[in-house]
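Working through the structure, step by step
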Amino acid sequence: MDMQATKKKLNLKEKYRAMTRDLDWNPSYQKLEDIYPYASYEGVKIHDWEKWEDPFRLTMDAYWKYQAEKERKLYAIIDAYAQNNGHLNVTDARYLNAIKILLTGVTPLEYMAHRGFAHAGRQFPGAGPRVACLMQSLDEIRHAQTQIHSLSNYNKFYNGFHEFTHMFERVWFLSVSRSFFDDAVSAGPFEFIVSIGFSFEYVLTNLLFVPFVSGAAYNGDMGTMTFGFSAQSDEARHMTLGLEAIKFILEQDPANVPIVQRWIDKWTWRGYRVLTLVAMMMDYMLPKRIMSWKEAWEVYFEENGGALFKDLARYGIRPPKWLDQIAQDKDHISHQAWCTFYNYALAANFHTWIPSEEEMDWLARKYPNSFDKYYRPRLEYWREQAAQGNRFYNKTLPMLCQTCQIPMLFTEPGDPTKICYREADYKGEKYHFCSDGCKEIFENEPEKYIQAWLPVHQVYQGNCFPEGTDPTAEGFDPLAAVLRYYHLESGRDNLDFEGSEDQRNFAAWRGQATTNA
Amino acid sequence: MSTVFIALQANEDARPIIEAICADNPHAVLNEAPGMVKIDAEGRLVVRRSSIEERLGRAFDLQELQVNLITLSGHIDETEDEFTLSWNA
Amino acid sequence: MHIDLRTVSIKPLRQTFDHVARRIGADKPASRYQEGSFDLQATTNFHYRPTWDPDHKLFDASRSAIRMADWYAFRDPRQFYYGAYTLARAKQQDAAEANFDFVESRQLADALPDELKAQALALLLPLRHVAWGGNTNNAAICAYGYGTTFTQPCIFHALDHLGIAQYLTRIGLLFGDTEALAEAKRAWLEDERWQGLRRYVEDSFVIKDPFELYVAQNVALDGLLYALVYETLVDDVLATRGGTTLALLTQFMTEWFAETRKWVDATLKTAAAESAENKAQLEKWLRLWGERAAAALLPIARIVPDLDSDAVMSDVVQQFNARLAKAGLSL
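On a predicted model such as this, the values are computed, not experimentally measured, just so you know. (Residues numbered from 1 in each chain as written. Chains lettered and ligands numbered in written order. Predicted model: local features only at pLDDT ≥ 70, side-chain atom pairs only at ≥ 80, totals over all residues.)

Turning our eyes to something else, we now look at the overall build of chain C. Along its length, chain C carries 13 helices and zero strands. Going from the N terminus to the C terminus, chain C shows its helices and strands as α-α-α-α-α-α-α-α-α-α-α-α-α. Over its C-alpha trace chain C gives a radius of gyration of 22 Å, about what one expects of a compact globule, namely 20 Å for 331 residues. Referenced to the eigenvectors of the C-alpha coordinate spread, the extents of chain C come out at roughly 70 × 55 × 40 Å. Residue burial in chain C is summarised as follows: out of 331 residues, 50% are buried. For chain C, long-range pairs separated by at least 24 residues make up 73% of all intrachain contacts whose partners lie at least 6 apart in sequence. (Helix = DSSP H or I, 4+ residues; strand = E, 2+ residues; numbered from the N terminus. Rg over C-alpha atoms; globule rule 2.2 N^0.38 Å. Buried ≥ 20, exposed ≤ 12 C-beta atoms within 10 Å, placed from the backbone. Contact = placed C-beta atoms within 7 Å.)

Right, here's the structure in full:
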């Protein structure tokens, strides 16, 4: 037989099918439910995995080729940046504090995503999503490592970076991002892919890695710009996977719609709460600014997310709950978060400061409805106090929300002068929340959220001292012991930027670079 | 109509791609930011292999887009010849 | 303003991250492999028990019977982090691409004797499904194993298996067409000689202990299969019968096996050296899965005609046992 004559050229889609899902088969020596034990307990009904549409059709040969090209470019820049002391080219050393948050609060999430997608990629009975998930798992370890490698050079010269994995598991505010991801990975595989594909990729990383990273570029940080943009190109595939997963689940069975709706409500709110940190990074920690948090939110969430929700309306999905509150909050959360961290600068691994007069003017222009009225007077008061030698450090511990684990810093919808508190009783215990959203999320899954490792509770229970600490010893200083447990070097990693070692070193090194002295 | 977008790194590799996209999508709006170019378009945006090849003077595989892509939005439809972003509503 | 900063020599405050320095000393810079791997996985203060496995923490060493004082005792001798891994594979894929191009452009597949082509398809194409199983299992080891230096190479390995399944698919499409793939799948599902292997793979899918799965998949099955099929049947037997073209197209697999074996051996050696209990446990698993894999592969060896398959298989097993002995394990 003449093969050439009968052979038909496969198109991209057919070829990809032969290269992926055609590899799978129906097992007969083991039962499907034993091979995929976690596929049904969430209640999602899938009738036909074949209906899954592969969004990107990258085979491994193309994957290796293009990813290697990205890596080559990225590491060439990382090397050049380190060799040329590129860190001295950033606008000013305050900027570095934003990327300390990135390394300690976000990089470990990339690692969690890697493990979580390995799990999801193992557990879906459909071959299409499995391949996509495993490729994403591989991409995510890339993101963790390119971030570590890019920021490694900063760690050599500046404080606050040096214990990022240790701190991620212990420091109070880092439990915000950690618990977000633990929540997703400890959920079933369907909720995981919806939560991360949608909330983390579509909402969170798009805001972090596009406008924030563009801001990093504007502030002279080529390293961060390169890994940020380079990572986000993978995220384009990941967002598409998340979107396809949502569509696929919704199309499979009408009974899936309310389940997915609850996840969209929950994960929009969870992701939005974690973004409070990014809001603060954009508005307060980039010395040169290109876009306010509010503007970025409008482009990447309201406009882009809005288009998505409009698109999903045909399945009976409505926009997520609490959007009206979110719309009001965008004038406030970055300021409220910054004020909180300014207070708790003793126990954080980055520095805070009072923005300059010019920066306050910028904030006033970007936030005409809120900044001058509510936040500028506060910042000016603290500035005045600091000038008199009374830089205020809060030495007590804040009450945390049981769900998002952020201190109670958010205000009542409609009243930015009143802190918002909610509470719920469960099995004889009282639980506290920052918002209606967090309270409802708790009430839907109380058995999950009562397990939360709340840093403040843990400190008060004596679980956050280094091994061998004797809290009954004379002159015991609990805060100092907690900082030792965090591996936080008090006096170097924490406190105000003004007077910090980072500030001194940066000035001295840049002085060496720009003068002949 | 909702807006779809694609963002690419502002570098030499991406320049002909950006040109091709703008030529093929007269309704698209180009937004420049530090390090990146974001192209917004109402409803639909098409990236054509042939248009890029014309500008590059060599064969181009649409999957090469990955290398300089930053982000995008909308549903994706990918064939050998076209890469399309669109919303259904 | 851009300042030329090259001339400035400033002394770093520290050489690497503290958790890395605790492992390698604070006096020297760390490698990218070390900084990108050490202690990345969370070990304490987990927030929620996984709803899919409430008896364990999200990451939990007790999912395995293997006990390690420190799971970061495992090291990948290739020092693969993502970048190093991807660059290595891109280089191999370049070579593979060139080989496929060479064969395609000169229509060398058509020049192969029909009989040999049929043997190659019968031998290789059902292995697409075995490689898919390797993909599945390594995803599981990566997800449920403990410690990044143990789990990280498994995601690389998982996607490598997918890549191999895709190279085999290309061979199928080059020598035949989608019909050839369908025929091979039918053989995989129904043909008696493939059923031992299929049963092995499906049984491996329900192994819960990630280290036992590592032994069943990466040590026993791949250790015997790659040595038998690619190193022996393709490179030694079929190549000398006019099938050098085929050996060209499976070069990736041969090189991949030679490379990944070093990592697999290092992993075994480290686990076995940790304690007598580990060693005994590994030997128990190796006996169980090694014997099953050898028995499942024998009918596959028989696909190649005019060959003393039993002798070939017993050679492969002997070499395999010698390999294990070097890792400190006796069967």
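A few words on the interface of chain A and chain C. Contact with chain A, which involves 73 residues of that partner, is made by 68 residues of chain C. Sorting elements by how many residues they give to the side of chain A that touches chain C places helix α6 (residues 127-157) of chain A first, with 14 residues.

Bringing the pairing of strand β3 (residues 36-42) of chain B into the picture now. Residues and elements named next belong to chain B. Among the seven residues of β3, six are classified as buried, and the element is accordingly described as predominantly covered. One ladder, built from seven bridges, connects strand β1 (residues 3-9) with β3; its direction is antiparallel. Each bridged residue has a counterpart across the sheet, and for leucine 8 the counterpart in β3 is valine 37. As paired elements, strand β2 (residues 29-33) and β3 share five bridges and run antiparallel to each other. When the bridges of β3 are listed, asparagine 31 appears paired with lysine 38. (Pairing = 2+ DSSP bridges.)

Attention now goes to the sheet that holds strand β7 (residues 82-86) of chain B. Residue and element names in this part refer to chain B. With antiparallel pairing, the three strands of this open sheet are ordered in space as β4-β7-β6. In the strand order of this sheet, the two ends are held by β4 (44-48) and β6 (75-78), each with one partner. In this sheet, adjacent strand axes meet at a mean angle of 15° when their direction is disregarded. Of the strand pairs in this sheet, β6 and β7 are connected by four bridges, and their pairing is antiparallel. Within β7, the residue paired with isoleucine 76 across the bridge is leucine 85. (Axes fitted to C-alpha atoms, helices over the stretch in contact; angles between N-to-C directions.)

This next bit is on the packing of helix α3 (residues 82-105) of chain C against helix α7 (residues 148-175) of chain C. Residue and element names in this part refer to chain C. Packing of α3 against α7 brings their axes to within 12 Å, and their N-to-C directions diverge by 5°. When the axis of α3 is compared with that of α7, the two are roughly parallel. Judged by residue contacts, Tyr85, Ala96, Phe100, Val103 and Glu104 of α3 engage Phe156, Tyr167, Arg170 and Leu174 from α7. The residue makeup of the contact of α3 with α7, split by class, is seven nonpolar, no polar and two charged. (Parallel < 35°, antiparallel > 145°, perpendicular 65-115°, else oblique. Nonpolar A, V, L, I, M, F, W, Y, C, P; charged D, E, K, R; others polar.)

Moving on, we come to the interface of chain A and chain B. Taken together, the contacts link 29 residues of chain A with 24 residues of chain B. Of all the secondary structure elements, the ones that give two or more residues to the side of chain A that touches chain B are α4 (60-83), α9 (189-218), α10 (222-252) and α13 (293-312) of chain A. A total of seven residues in the side of chain A that touches chain B trace back to one element, the largest contributor, which is α10 of chain A. Of the residues assigned to the side of chain A that touches chain B, the class counts are 15 nonpolar, six polar and eight charged.

The next point concerns the environment of alanine 327 of chain A. Tracing the backbone shows alanine 327 of chain A in helix α14 (residues 323-329). Separated by 46 residues in the primary sequence, alanine 327 of chain A and methionine 281 of chain A place their C-alpha atoms 19 Å from one another.

We now examine the sheet that holds β3 of chain B. Residue and element names in this part refer to chain B. Spatially, the four strands line up as an open sheet ordered β2-β3-β1-β5, and their pairing is antiparallel. Each edge of the open sheet is held by one strand with a lone partner, namely β2 and β5 (69-73). Each neighbouring strand pair of the sheet contributes to a mean axis angle of 15°, computed without reference to strand direction.

As a further point, take the nonpolar core. One finds Leu134 and Leu207 of chain A, Leu8 of chain B together with Val215, Leu224, Leu228 and Leu297 of chain C to be the most contacted residues of the largest nonpolar core, which totals 280 residues. Not counting chain neighbours up to four residues away, the residues in contact with leucine 224 of chain C comprise Ala293, Ala294, Leu297, Val316, Val317 and Phe320 of chain C. Ranked by size, the runner-up nonpolar core spans seven residues in total, among them Trp353, Ile354, Leu363 and Tyr375 of chain A. (Core = buried A, V, L, I, M, F, W, Y, C linked by C-beta atoms within 7 Å.)

Residues and elements named next belong to chain C. In the Ramachandran plot, aspartate 39 falls in the positive-phi region, its phi being about 60° despite a non-glycine side chain. Assessed through the 21 C-beta atoms surrounding it within 10 Å, aspartate 39 is described here as buried. The backbone phi angle of glutamine 107 is positive, close to 50°, even though this residue is not glycine. Inspection of the secondary structure puts glutamine 107 in the loop between α3 and α4 (108-111). Judged by C-beta crowding, with 9 C-beta atoms within 10 Å, glutamine 107 ranks as exposed.

Glancing now at the packing of helix α10 (residues 210-249) of chain C against helix α12 (residues 276-301) of chain C. Residue and element names in this part refer to chain C. Two elements in contact, α10 and α12, have axes separated by 9 Å at closest approach and are oriented at 35°. Handedness of the α10/α12 crossing: right-handed. Note on element contacts: α12 touches α10 through Leu282, Trp285, Leu286, Trp289, Gly290, Ala293, Ala294, Leu297 and Ala301, opposite Glu212, Val215, Ala216, Val219, Ala220, Leu221, Leu224, Leu225, Leu228 and Leu233. Across the contact of α10 with α12, the residue classes tally to 17 nonpolar, one polar and one charged. (Left-handed = near helix turned anticlockwise from the far one by under 90°.)

Further remarks concern the confidence of the model for chain C. The predicted structure's coordinates, where accompanied by low pLDDT, should not be read in detail. In this model, chain C carries a mean pLDDT of 96, and residues with pLDDT of at least 70 account for 98%. This prediction of the complex comes with two scores: 0.96 for pTM and 0.97 for ipTM. (pLDDT = per-residue confidence, 0-100.)

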